[in-house]
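# Close look at the chain arrangement
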Amino acid sequence: MAVGLLGPLLVSVDGQPVELPAGRLRALLAVLALSTGQAVSVDRLAAAVWDGEPPGDLRANVQTNVKRLRRSLGGELIVTRGGGYVLDVEPDRVDALRFVRLLDEATTAPDPATQRDRLVAALALWRGIPFDGVRSEWLEHTQVPRLQERYLAGLERRVDLDLADGRHADLAAELEELTARFPLRESLWARLLRVLERSGRPAEALARYEVIRVRLAEELGADPGPELRQIHTHLLGGAGAPEQTGSQRPAPTDRVVPRQLPAAVDGFVGRDPELKALDGLLGTQIEQGRRPVVIAVITGSAGIGKTTLGVHWAHRIADRFPDGQLYGNLRGFDPSGQPVEPTEAIQGFLDALQVPPQRIPVSADAQAGLYRSLLAGKRMLVLLDNARDADQVRPLLPGATGCLVVVTSRNPLSGLVTANGAHSLTLDLLTDDEARLLLAHRLGPDRISLEPDAANEIISRCAHLPLALAIVAARGVTHPGHPLATLAGQLRDAELHGLDLLTTEEDTTTDVRAVFSSSYCTLSAPTARLFRLLGLHPGPDVTADAAASLAGIPVAQARPLLADLARAHLVTEPTAGRYAFHDLLRAYASELAHTVDTGADRRKATHRMLDHYLHSAHSVALYPFGDAVTPAAAVAGVSPETLTTPDEGSAWLAAEQSVLLAAVAHAADAGFHRHTCQLAGALCSFLHQRGPWHDRIATQQLALDAAHRLGDPAEQARAHRRLAMADADLGRYDDAQLDLDRALDLSAELGDLVGQAWTHYLRNLVAFLQGRTAEALDAAKQALRLFRAAGDRVGHAAALTDVGWHHGGLGDHEQALTSLRQALTLHQELDNRPYQAHTWSCLGDTHQQLGEPSRAIVCYQRALELFRALDGRHGEASTLAQLGASYHAAGDPDAAHAVWQQARDVLDDLDESAADQILAQLRHNGQSAAEALFRQPRRGNGGVKRPGAGGKSQG
């Protein structure tokens, strides 16, 4: 079977055309074809086919029409699955799906020729207006604009490639036709002006500029954007225009220059031959981009200084790579036995390059392709530390010339040398002279010269290993009055008494474990106990408060113990107040904990640690959809963080993000299933705002698995609801609907009206994200009925707000105002300030739609006050954008611009996706005058945050 949607509907079965009658069957087939291979729910089919108002029994009407469609196509092509219907054909047999696939492949293609081939193949599928002759408001208002935007963006990219390749001959006529069809798309006009200018027709280009300038002024009351103005200046003989236009210009993410290298070690000594060999890998060719990716692999045994050398050299040559440096610790030999997956590392790099989470593809291959595309044409240094094997490294290699990759590993990674042309450098132990230089730098040359024999013994017993020497030197620094002979004697005693618990015959680090033992044996009993228990901590680092909870002691006692460990170089303090282990020390501490401490003691420590993170997170978490579950009282000895303000809570969650994610996984592995569920729930809203959203799905999947192990249907329902919203944020709407179906079934089985109500409330949000306002209204009404029946006033008020909002979106402004005012009164009675802010903003939207900008301004100002008091940054930015639109509609462009600038300043601290959403709002209100401001390069931190529906919901 084949289905053509990119123009008039075309259907064929076994090569024979099938003519469907005009009406519902065409819409039904179109909706099923868009989700080929995936189940489409009855609700979604009904909303699309009957535009949200199916007559009579909804399910019966859908079943009747599915039967009619089966008769027309053949019964085996439409199957029932998972409470919905599936069109069982290959996705490539639907032209719209093949079109999207080819465009995605063009985005990640490794070279311009392949990009162009994919684009040409995709654009050739376009036959006119999608779904022509199919009557469906849902298709017309959501799917047609989406596909048309993809078509135009793909077309513009193909034009850019033709321009870059010097193919000007036929572009002018093509662009003339396109600007006539899409007269307000400035990016097409920019390309037309560029083609005319390069074809030797500057006078015509100036004439076309005047056409678009007048049209924008008459229809939008706006001036041309900065790109068109810059080309115009160039045509008049002013400053040169940029070489690239439209989508060729780097997006904000392309202009990011990451600087991720860790701090270099102070007083690096020796390794002159190795540095000379590494320098020899460079040259003018790599800087000019004519040499393939250079890969340097630094190998050697644990503790021999691979990372130290790699970081030192990377800093030394960083200025040769002006596009930045990426760093990833692949944790190939982590004591947990869980190396970093390449997909996780790539997601970290995409985050560093400020790629918004919703723009990150779902599949691992597509993510790797996007990563390589972003590095194409750049001179970037990539340092991959602690790699396990070649397979872990290969997906992280850039595909283009001009980049340098430095890999450190305990393994030789011969596969990279053989298959990828890597240059291998194996580190040996320090020479006698280098080891003396290291000790002299740390302890002072006078101490070394006074006790040369003791220094030599220290070097010998440390096996010339840099890490061991650094630890012994640290002990010497903290005890400046102790002779070096005393340090040498302690090392001798450690070996004689068999304290080297981590010795293996084939490992050259046998003697360094004696160093660890000698340092450990000098610790006080409380410090030694804390050191052992830190080996049970799953995260990359730990705070004093978390360490205190782990040990079951007051924070005031934990801090000096951590300071003792830092002075002994048994832990490091990479950032103030956060303590971390070297891999060998973590492994040593873990083995000590499993040797010295009992299983019961270890489990109690793990319980305290998880309680610490759960209660701390719970104290600052937002639970917007009825998922708040108060944890059981923390066990004795737990010291949760004291977080008294929203700013403190946000900062703590951001700082602990990687630790909290590790804690969820550790709780699941250790069988603390209740902690898994509740900690994942506490993190849900934070991960929604900050990302990456793939982590949000992973934690909720762990929570769902844990809920099943607990046999707790209420926890299962909560996990399904959270998974649904995570899937919806990533555009996986079918998965979201399936999760909501399951959540609804579980809540119904429990007789949980509130759970059912929140599930319908989430259906409302998912439908709204898809642009299905009528369906969203129905779901919000259903939630409202259930909240009323359950007597849940908080949910009742929340649902009433969205009912009013959707009425406004559908043009029933009188009902919208009535519902929103009732909701606002309830929110005020409940002192629910987040939803008060949301409701004021929705009232502003309604007055704006009614053409009452002065009233809208008052509402937006009230919303703005509340969002600022709550530190609701997304709501603040969204409200400022709409407030500016109201000022503009009221005839005050200066006030509008000032407010839009405030919104832009807020967005600099948030994710680019927030700017995209607000830009969409402004376009919807016809406020193209603000586009130039919101398209400027951002100076923000790139944290991944995104508001809920419309940028206002506190979810």
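What you are looking at is a predicted structure, and each value in this text was computed from that prediction instead of being measured. (Residues numbered from 1 in each chain as written. Predicted model: local features only at pLDDT ≥ 70, side-chain atom pairs only at ≥ 80, totals over all residues. Heavy atoms only, no water.)

### Considering the overall build of the protein chain
The helix and strand inventory of the protein chain stands at 44 helices and 14 strands. Relative to its 955 residues, the protein chain shows a buried fraction of 55%. Considering only contacts in the protein chain between residues 6 or more positions apart, those separated by 24 or more positions represent 69%. Accessible area of the protein chain: about 38600 Å², with a carbon and sulfur share of 50%. (Helix = DSSP H or I, 4+ residues; strand = E, 2+ residues; numbered from the N terminus. Buried < 20%, exposed > 50% of the residue type's maximum accessible area, 1.4 Å probe, protein only. Contact = heavy atoms within 4.5 Å. Areas by Shrake-Rupley, 256 points an atom, 1.4 Å probe, with all protein chains shown as cover.)

### Regarding the sheet that holds strand β3 (residues 16-17)
The antiparallel open sheet is built from three strands, whose spatial order is β1-β2-β3. For this open sheet the edge positions go to β1 (2-4) and β3, each flanked by a neighbour on one side alone. Bridge count for β1 against strand β2 (residues 10-13) is three bridges, and the pairing is antiparallel. By the bridge assignment for β2, A2 is matched with S12. (Pairing = 2+ DSSP bridges.)

### Things to note about the packing of aromatic side chains
Taken as a whole and assessed by the stated rule, the structure comprises ten aromatic pairs. The interplanar angle of 90° and the centroid separation of 6.3 Å between the aromatic rings of Y520 and Y588 together place this pair among those described as edge-to-face. Placement of the pair is Y520 in helix α23 (residues 510-521) and Y588 in helix α27 (residues 583-596), with a sequence separation of 68 residues. Of the two residues, Y520 and Y588, both sit in the buried class. (Phe/Tyr/Trp six-rings, centres within 6.5 Å; stacked < 30°, edge-to-face > 60°.)

### Quick word on the packing of helix α33 (residues 713-729) against helix α35 (residues 753-769)
For the pair α33 and α35, interaxial distance at closest approach is 10 Å and the crossing angle is 0°. By the criterion of interaxial angle, the relationship of α33 to α35 is roughly parallel. In contact with R721, M725, A728 and D729 of α33, α35 contributes G755, W758, T759, L762, L765, V766 and L769. Class assignment of the residues belonging to the contact of α33 with α35 gives a composition of seven nonpolar, two polar and two charged. (Axes fitted to C-alpha atoms, helices over the stretch in contact; angles between N-to-C directions. Parallel < 35°, antiparallel > 145°, perpendicular 65-115°, else oblique. Nonpolar A, V, L, I, M, F, W, Y, C, P; charged D, E, K, R; others polar.)

### Here we look at the nonpolar core
Counting residues in each nonpolar core, the largest one holds 76 residues, and the members touching the most others are M1, L5, L32, L69, L73, F99 and F131. In terms of residues, this core owes the most to one element, helix α6 (residues 137-164), which gives ten residues. If sequence neighbours within four positions are ignored, F131 has contacts with L5, G7, A30, L34, L139, Q143, V144 and L147. (Core = buried A, V, L, I, M, F, W, Y, C linked by side-chain atoms within 4.5 Å.)

### Looking at the confidence of the model for the protein chain
Residues with a pLDDT of 70 or more make up 87% of the protein chain, whose mean pLDDT is 83. Throughout residues 238-254 the model reports pLDDT below 50, and contacts reaching past four residues in sequence, or to other chains, amount to 40 contacts. Taken together, the stretch residues 496-511 has pLDDT below 50 and engages in 27 contacts with residues farther than four places along the chain or on a different chain. (pLDDT = per-residue confidence, 0-100.)

### Some points on the sheet that holds strand β4 (residues 40-41)
On the basis of which strands lie adjacent, the open sheet formed by three strands has the order β4-β6-β5 and antiparallel pairing. Looking at the sheet topology across the chains shown, the edges are occupied by β4 and β5 (78-81). When β4 meets strand β6 (residues 84-87), the two strands line up antiparallel, connected through two bridges. The partner of V40 across the bridge, within β6, is Y85.

### Considering the side chain of D541
Its location among the elements puts D541 in the loop between α24 (525-534) and β12 (542-543). For D541, a relative accessible area of 17% translates into the label buried. A distance of 3.1 Å separates a polar atom in the side chain of D541 from a polar atom in the side chain of R578. Residues contacting D541, with those up to four places away along its chain left out, are R578, Y579, A580 and V659. (Polar contact = N/O pair within 3.5 Å; in protein donor to acceptor, adjacent residues only side chain to side chain.)

### Description of the environment of Q770
For Q770, the position within the fold is in the loop between α35 and α36 (773-790). Classification of Q770 as buried rests on a relative accessible area of 9%. Taking C-alpha positions, Q770 is 9.3 Å from W138, a pair spaced 632 residues apart along the chain. The contact partners of Q770, leaving out residues within four places of it in the chain, are R44, W138, T142, Y733 and Q737. In terms of polar contacts, Q770 uses its side chain to reach the side chain of R772, at 2.7 Å.

### Some remarks on the pairing of strand β13 (residues 572-575)
In the sheet, β13 pairs with strand β14 (residues 578-580) via two bridges, with the strands oriented antiparallel. Bridge pairing in β14 places T575 opposite R578. Hairpin connection, β13 to β14: the antiparallel pair is bridged by two residues, and G577 has positive phi, about 85°.

### Quick look at the pattern of salt bridges
Under the definition given, this model contains 34 salt bridges. Ionic pairing is found between D597 and R532, a salt bridge with its closest N-O pair at 2.8 Å. With D597 in the loop between α27 and α28 (599-620) and R532 in helix α24, this residue pair connects regions lying 65 residues apart in the sequence. Residue D597 shares its accessibility class with R532, and that shared class is buried. For the salt bridge of R578 with E656, the shortest nitrogen-to-oxygen distance reads 3.1 Å. Here E656 lies in the loop between α29 (646-655) and α30 (657-670) and R578 lies in strand β14, a separation of 78 residues in the sequence. One salt-bridge network, in which partners are shared between bridges, spans D92, R98, R101, E105 and R118. (Salt bridge = Lys/Arg side-chain N within 4 Å of Asp/Glu carboxyl O.)

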